[in-house]
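# Structural features, examined
As a plain string of letters, each chain reads:
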Amino acid sequence: MNAYNFVAPFYDALATLVLGQKFHGSKWAFLDIIQRGDTVLVVGGGTGANLPDILKRCGKEGKVIYMEASEKMLDKAKKRIPLNISGQVEFICRADFKFQEECNFDVIVTQFLLDVLTDQDITALFEEVNQRVTSDSKWLFLDFFPVRDKQFLIRLMITCFGILTQHPRKELPDYAGFFTKGGWVAAKEMSFEKGFYQAKVYLPAPKVIKSDTISLK
Ligand SMILES: C[S@@+](CC[C@H](N)C(=O)[O-])C[C@H]1O[C@@H](n2cnc3c(N)ncnc32)[C@H](O)[C@@H]1O
């Protein structure tokens, strides 16, 4: 059984209890980057608290691809969507980030996802996503950062998720390293709880043109 199926029934309540209402609210940071007509990819969106707002922002002309590893999380997300707009969301239950769609993603949303993935999974995610982005794509990222006065809580969360999902992560990932290596650059940042969790908007880094490829006729 998928480990997240086990926590799905009480995930939101537990997270709010341990981390507070601000944690929940942070998932709305920078949603305004989503424009009418956008194709939005949400990976690991859990119970989809902000999914109705994401849908509202991309409108009838846009669509959301909602990829989640846990069927139970996915079921909860589905229940948030009124029937009349359910056709605007494609719910996909898989954990390997393999996208069948031909489309490019205008916005990629990962919130509190990278911290529960292994480094190999994060590399795979970037490889898959990068095949479907354009120079105008944006990546909305939100996750925990290792601030000093939250060390105990961070260690506790990593240990609990490590046991639950049986993965070997011992510390938070080097997010900036993955984004830089993947060709993304941070354009906007918002900090919560003195940097304990941070939302960032990443854009594709401008491509460096090698001088030996420029013709000087
Ligand atoms: C810590 S929860 C965060 C949920 C939600 N984004 C939030 O902010 O509350 C991580 C979520 O990522 C999902 N997940 C974990 N590994 C995944 C993978 N490889 N592919 C897709 N979803 C994944 C889990 O099922 C879970 O719903």
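Residues numbered from 1 in each chain as written. Predicted model: local features only at pLDDT ≥ 70, side-chain atom pairs only at ≥ 80, totals over all residues.

So, on to the overall build of the protein chain. Each helix and strand in the protein chain was counted, giving 8 helices and 7 strands. Its C-alpha radius of gyration of 18 Å places the protein chain within 12% of the 17 Å reference for a compact globule of 217 residues. When its C-alpha atoms are laid out on the principal axes, the protein chain stretches across 65 × 45 × 30 Å. The 217 residues of the protein chain split such that 32% are buried. Considering only contacts in the protein chain between residues 6 or more positions apart, those separated by 24 or more positions represent 72%. (Helix = DSSP H or I, 4+ residues; strand = E, 2+ residues; numbered from the N terminus. Rg over C-alpha atoms; globule rule 2.2 N^0.38 Å. Buried ≥ 20, exposed ≤ 12 C-beta atoms within 10 Å, placed from the backbone. Contact = placed C-beta atoms within 7 Å.)

All right, on to unusual backbone geometry then. With a phi close to 65°, Phe-30 is a non-glycine residue in the positive phi region. Following the sequence through the fold, Phe-30 ends up in the loop between helix H3 (21-25) and strand E1 (39-43). Overall, the presence of 20 C-beta atoms within 10 Å leaves Phe-30 in the buried class. The backbone phi angle of Lys-194 is positive, close to 55°, even though this residue is not glycine. Relative to the helices and strands, Lys-194 is located in the loop between strand E6 (184-192) and strand E7 (197-204).

A few words now on the site of the ligand. Around the ligand lies a shell of 18 residues, among which Tyr-4, Gly-44, Gly-46, Ala-69 and Ala-95 are the nearest. Considering only residue class, the shell around the ligand consists of 10 nonpolar, 5 polar and 3 charged. (Near = placed C-beta within 6 Å. Nonpolar A, V, L, I, M, F, W, Y, C, P; charged D, E, K, R; others polar.)

Attention shifts here to the environment of Met-190. Topologically, Met-190 is positioned in strand E6. Sequence separation between Met-190 and Pro-204 is 14 residues; the distance between their C-alpha atoms is 19 Å. The contacts of Met-190, once residues within four sequence positions are left out, are Ala-29, Phe-30, Gln-198 and Ala-199.

To summarise the sheet geometry, strands pair through backbone hydrogen bonds and adopt either a parallel or an antiparallel arrangement. Spatially, the 7 strands line up as an open sheet ordered E3-E2-E1-E4-E5-E7-E6, and their pairing is mixed. Only two strands of the sheet have a single neighbouring strand rather than two, namely strand E3 (89-93) and E6. Across the sheet, the axes of successive neighbouring strands diverge by a mean angle of 15°, strand direction being ignored. Here E6 runs beside E7; their pairing, made up of 8 bridges, is antiparallel. Within the sheet, the bridge partner assigned to Phe-192 lies in E7 and is Tyr-197. Lying over the sheet, helix H4 (residues 51-58) contacts E1, strand E2 (63-68) and E3, oriented at roughly 150° with respect to E2. (Pairing = 2+ DSSP bridges. Axes fitted to C-alpha atoms, helices over the stretch in contact; angles between N-to-C directions.)

As paired strands, strand E5 (residues 133-144) and E7 are joined by 6 bridges and run antiparallel to one another. Residue Leu-142 lies in a different strand from E7, and its bridge partner there is Ala-199. Hairpin remark: E6 followed by E7, antiparallel, with 4 residues in the connecting loop; positive phi at Glu-193, about 50°.

Of the residues in the protein chain, 95% reach a pLDDT of 70 or more, and the chain-wide mean stands at 92. In this model residues 213-217 is a low-confidence stretch, pLDDT under 50, and it forms 1 contact with partners more than four residues away in sequence or in other chains. (pLDDT = per-residue confidence, 0-100.)

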